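As a plain string of letters, each chain reads:
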Amino acid sequence: MSSDKKTAQVVDEVEVALIGAGIMSATLGAMLRELEPSWTQMVFERLDGPALESSSPWNNAGTGHSALCELNYTPEKNGRIDVSKAMNINEKFQISRQFWSHQLNNGILTDPRAFINQVPHVSFAQGSIQVDYLKRRFDALKDNHMFPNMQFSDDDATFQENLPLMSEGRDFNAQKVAISWTDAGTDVNFGALAKQFFTAAKAAGTEIRYGHEVVDIKRDGSKWRVTAKNLHTGDYEAVHAKFVFVGAGGYALDLLRKAGVREVSGFAGFPVSGLWLRSKNPELVEQHNAKVYGKAAVGAPPMSVPHLDTRVIDGEKGLLFGPYGGWSPKFLKKGSYLDLFKSIRPDNLTSYLGVAAQEFGLTKYLVSEVLKDFDKRVETLKEYVPNADPNDWETVVAGQRVQVIKPAGAPQFGSLEFGTTLINNPEGNIAGLLGASPGASITPAVMVELLERCFGERMIQWGDKIQEMIPSYGVKLSKDKKLYNEMWEYTQKTLQLEQN
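This one's a predicted model, so the numbers in the text were calculated from it and none came from an experiment.

Asker: Quick question: what am I supposed to make of the pattern of salt bridges here?
Answerer: As a working rule, side chains carrying opposite charge can pair if their charged atoms are close by. All told, the structure shown has 23 salt bridges when counted by the stated rule. In this structure, D309 engages K291 in a salt bridge whose closest nitrogen and oxygen atoms are separated by 2.6 Å. Remark: K291 occurs in strand β15 (residues 291-293) and D309 occurs in strand β16 (residues 307-313); sequence separation between them is 18 residues. Under the relative-accessibility criterion, D309 is labelled buried at 0%. Notably, a salt bridge pairs E449 with R453, separated by 2.7 Å at the nearest N-O pair. Taken together, the positions of E449 and R453, both in helix α13 (residues 443-454) and four residues apart, correspond to about one turn of that helix. Ionic contacts of the salt-bridge type, sharing partners, join the residues D12, E207, R209 and E237 into one network.

Asker: How should unusual backbone geometry be read in this particular structure?
Answerer: A negative phi angle is the norm for most residues apart from glycine, just as the trans form is the norm for most peptide bonds. Here the residue pair G322 and P323 is connected by a cis peptide bond, since its omega of -5 degrees sits within 30 degrees of zero. Locating P323 in the fold gives a position in strand β17 (residues 316-326). For A67, which is not a glycine, the phi torsion comes out positive at approximately 65 degrees. On the secondary structure map, A67 appears in the loop between β2 (41-45) and β3 (76-77).

Asker: For this particular structure, what's the right way to read the packing of aromatic side chains?
Answerer: Centre-to-centre distance and the angle between the planes together describe a pair of aromatic rings. For the structure on display, the rule yields 14 aromatic pairs. Here the aromatic rings of F124 and Y384 are separated by 5.1 Å at their centres, their planes lie at 70 degrees, and the arrangement is edge-to-face. With F124 in strand β6 (residues 121-126) and Y384 in the loop between α12 (374-381) and β18 (393-397), this pair connects stretches of sequence that are 260 residues apart. On the basis of relative accessible area, F124 is assigned to the buried category, the value being 1%. Counting every residue linked through ring pairs, the aromatic cluster contains F124, F159, F172, F321 and Y384.

Asker: Honestly, the environment of H307 in this entry has me stumped. Any pointers?
Answerer: Tracing the backbone shows H307 in strand β16. Residues H307 and S123, 184 residues apart in the sequence, show an inter-C-alpha distance of 9.2 Å.

Asker: I would appreciate a short explanation of the nonpolar core in the present structure.
Answerer: In a soluble, globular protein the nonpolar side chains are often hidden away together inside. Grouped together as the largest cluster of nonpolar side chains are 78 residues, with contacts concentrated most on W100 and L450. Not counting the four nearest positions on each side in its chain, W100 is found in contact with F93, L109, F115, I116, V188, F190, L193, F197, P444 and L495. The next biggest cluster of nonpolar side chains, apart from the first, holds 27 residues, and it includes V226, A228, V261 and F267.

What counts as what
- Residues numbered from 1 in each chain as written.
- Predicted model: local features only at pLDDT ≥ 70, side-chain atom pairs only at ≥ 80, totals over all residues.
- Heavy atoms only, no water.
- Salt bridge = Lys/Arg side-chain N within 4 Å of Asp/Glu carboxyl O.
- Helix = DSSP H or I, 4+ residues; strand = E, 2+ residues; numbered from the N terminus.
- Buried < 20%, exposed > 50% of the residue type's maximum accessible area, 1.4 Å probe, protein only.
- Phe/Tyr/Trp six-rings, centres within 6.5 Å; stacked < 30°, edge-to-face > 60°.
- Core = buried A, V, L, I, M, F, W, Y, C linked by side-chain atoms within 4.5 Å.
- Contact = heavy atoms within 4.5 Å.

Below, the structure written as C-alpha cells:
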C-alpha cells in the first residue's frame, strides 16, 4: 500500500476490472462469468455498498422503461406519430427479460419478486390537443404485438375506474382527459437486481472492493494499471487488468480521459439533478397502482417527464411524483461541486459553448424548476392528484444524471444527447458507458453490444452460450410475432409475473 497514487504498488492481477458497483457492471460481470468462468474479476466501488447511486430505486428517474407509456419515445413528426424509438427500446427491454429469466433458471438470480413486479403502464393526456395526440399514438401501436393489450379511453367513468386517486376532486367538465394503458407493464428495482448479481459474483470468487475510488487508469504494457484509493485508510493500491469496464456513472467520462481513450475526445457532460415528492400516507399509496406518464413541459429533458409512479421496494409499495428538474455541478449524487468545472477541457469547450447557445429552452426550464418551492411542487402534483394534501407528501432527492454532449461538428457546435452512449477503444480492451435514460432498463442489450465490439473474435465461440442467455439473439422480435409470443410466455412464467 502507498500513500501516493504514483508510487502505488501493483498488488493484484485480474482479467477483468469493473469500475462501479451498479447494474451495468453487475450485468457485464454476470455475462462474462458465464462466457469465461476461468477469468478473474474485480469490482471497485467508491461507496460502501452496491447500487447506491443511479441504480438505487429512489434515484432512478424511471424504472422499467419498455416504452409502453413514455410519450417522449413516440414524438410527433410532420403530423405523424414516430414509433421507431419506442420499438427499439421495447425490443431491448425484451432482451433484459430474457437475460434475467436465464439467470433465474441458473440460480444466479434468486428472487424475481424482489426486483420485478407487474404494474400497469398508463399514458395520460390533458386537453384536446394532447388527447388527439394520445389517440393517434394508440392507433399507431394497438396492432403491434410488442405492445400487448393496449387500450384507450377518453371516457370519464373509465378514467375513474382505472385511476381513482387521480379522479378524486377532478373537474372532468373543465378539461378533457384521456388515458392509454396496458396491464403488461412492470416495475423494476435495479438496486435489488444488482445486489443479487453481486451476491452471486462474490460467491463465484469475484473480489468486490467497496470504499475504493478509482483515481487513475494507465497503459502498462499490454495491460491496464488501475489505481484506486482506499477511502477509509487513504492508501493507494494498483491492479493490473487485461480488460476494464468503466461503469462509474457521471465519473466515467473523466476516467476514460485519464485512460487516454481517444474516442471520448470532444465529449462533455451536462449534469441534471432532480427531486421527487414521495407519499407518506399508506392509504394514499394503496389507492394507486400504475405508472402514469404525461407530456413533458416545453424545454424539459426526457428524464423530467412527469409521472405518478407506483414502485415496489423491499416488498412494499411506494408512490412517487416527479421528477422535478434541478441543477447541480455534481456528476454523481455523492460527488463534488467541482465536477463540472474540472470536466471542461480545451477539446470539449466548444461542445459546452454550443449547447449553452442552443439549449436555451432547457436552461429556462431548469431555472424555473430550481426556483420552485414545496408549495409550487404540490401545485404541479395537483395536475395529477387534484386533492393532494401537502401533509401527505415529502421531498426526496433524486439521482444525478449526466447527459452526454457529443463533440462539436458541422452544422452544430455540440449536441446534447438524451440517451445511453457506449464508448470503447479500437483494441477493445477498455469500454465505458455515458449518459442516462433508458439506461438501466436496457442494460443486457447494451452489454451484448459491448461484447460484440470488444470481444468480436470470440463471438462465434460464445455464440451458443449467448443464445442460451438470450434466446432471441440475432432475431428482431418486432418482425417475428411467433418468437415474441414464445419469449413473452417464457419470461412471464420465469419472472413470476403471471402470478401478479
